[in-house]
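# Commentary on secondary and tertiary structure
Here are the chains, one letter per residue:
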Amino acid sequence: MENQGQLAQYIPELAKIDPDKLGIAFLSNENETFGVGDWQTRFSIQSISKVLSLSLAYNLLGENIWERVGVEPSGNAFNSLVQLETDNGIPRNPFINGGAMVICDMLVSHLKKPKSDFLEYVREISSCKEVNFSVATAKSEELVGFRNKALCNFIKSYGNIKNDPDEVLDFYFHMCSIEMSCLELTKTFRFLAFSNFKTFNGDKVLSLSQAKRLNALMQTCGFYDESGEYSFKVGLPGKSGVGGGIIALHPEKYGIAVWSPKLNQKGNSYKGMKFLELFTTETQLSIF
Ligand code: GLN
């Protein structure tokens, strides 16, 4: 397979990653795991974490969250500012950066200790107590995060960020800096892949209807302005991050995570996209 693309150069810490890393993990509905390559090496999951913060906000606040963020594909880059002015500060969906920041703002309002409470939640749904933020990556992104700071302050000017933008951004950068392996990613997303999933404490994370909605959002918005093409080629709900990771789900059947750090022009893993396209084509295991 050709090795095209570029590392996420705009975040200095991510520009240091070995571009040749490649890992794939598969988790079946029988809890069998398979993996190849660097499938147990942790990497920066970046925007994949936006699904986790969204699920926590949805769990805590229910349908109210949709008053402050939309559910339409944006057709624009994840860090674009253009639509926000005409949309009066209501981001098109929770996976573009502005939308994820509005969700972070909700969590900052509702959690006592936002960063540690969120981490605790991720550890619980992943059944992995060692999952953590990378403080170095969060700091690295904060130092160059002028566009994200602009987005957050712009939304604040419309009143759709309630807290201090610096606090929301600090939460956002930490959330994006979470590190997991491909194997841990597949485990973390069991709550969306398998309707019978319960946490170690016996809790269901989302209702069936909520899980259906988050899968639908991943399908339509999970790859930004490449969501249509991803859906066309792969045919599974999924989410990418600029660390080069992708998680994709076949509800009730399996979860699959791929990591290859070089990104295509839309900011999605070049090899990850190619691999998933080949995988669902060869196995004929897509949702369509
Ligand atoms: N932290 C990254 C950013 O805000 C997340 C982007 C992504 O993974 N697509 O730019």
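Look up a bit, the structure's there.
Because the structure is a prediction, the values reported are computed rather than measured.

## Some details on the sheet that holds strand 7 (residues 254–259)
The strand order 2-1-7-6-5 describes an open sheet built from 5 strands, whose pairing is antiparallel. What marks the edges here is a single partner per strand, and that holds for strand 2 (33–37) and strand 5 (238–240). For this sheet, the mean inter-axis angle between neighbouring strands, taken without regard to orientation, is 10°. Note that strand 1 (residues 23–28) and strand 7 share 6 bridges and pair antiparallel. Within strand 7, the residue paired with Ser-28 across the bridge is Tyr-254.

## Concerning the site of the ligand
Around the ligand, the neighbouring residues are Tyr-10, Gln-46, Ser-47, Phe-78, Asn-97, Glu-141, Asn-148, Tyr-172, Cys-176, Tyr-224, Gly-241 and Val-242. Contact distances for the ligand include 2.8 Å between an oxygen atom and a backbone N or O atom of Val-242. Contact with the protein chains hides 99% of the accessible area of the ligand, taken as 300 Å² for the molecule alone. Among the detected pockets, the ligand sits in the second largest cavity. When grouped by side-chain class, the residues that make up the shell around the ligand number 6 nonpolar, 5 polar and 1 charged.

## Overview of the pairing of strand 7
Among the 6 residues in strand 7, 6 count as buried, and that is most of the element. Here strand 7 shows no split at all, with Tyr-254, Ile-256 and Val-258 on one side and Gly-255, Ala-257 and Trp-259 on the other all buried. Bridging between strand 6 (residues 245–250) and strand 7 involves 6 bridges; their strand directions are antiparallel. When the bridges of strand 7 are listed, Ile-246 appears paired with Val-258. From the end of strand 6 to the start of strand 7, which pair antiparallel, there are 3 residues, and Glu-252 there has a positive phi angle of about 70°.

The rules we used
- Residues numbered from 1 in each chain as written.
- Predicted model: local features only at pLDDT ≥ 70, side-chain atom pairs only at ≥ 80, totals over all residues.
- Heavy atoms only, no water.
- Pairing = 2+ DSSP bridges.
- Helix = DSSP H or I, 4+ residues; strand = E, 2+ residues; numbered from the N terminus.
- Axes fitted to C-alpha atoms, helices over the stretch in contact; angles between N-to-C directions.
- Near = heavy atom within 4 Å.
- Polar contact = N/O pair within 3.5 Å; in protein donor to acceptor, adjacent residues only side chain to side chain.
- Areas by Shrake-Rupley, 256 points an atom, 1.4 Å probe, with all protein chains shown as cover.
- 1 Å grid on protein atoms, 1.4 Å probe; cavity = no way out; pocket = protein on both sides within 12 Å on 5 of 7 lines; lining within 4 Å.
- Sits in = over half its atoms within 2 Å of the grid points.
- Nonpolar A, V, L, I, M, F, W, Y, C, P; charged D, E, K, R; others polar.
- Buried < 20%, exposed > 50% of the residue type's maximum accessible area, 1.4 Å probe, protein only.

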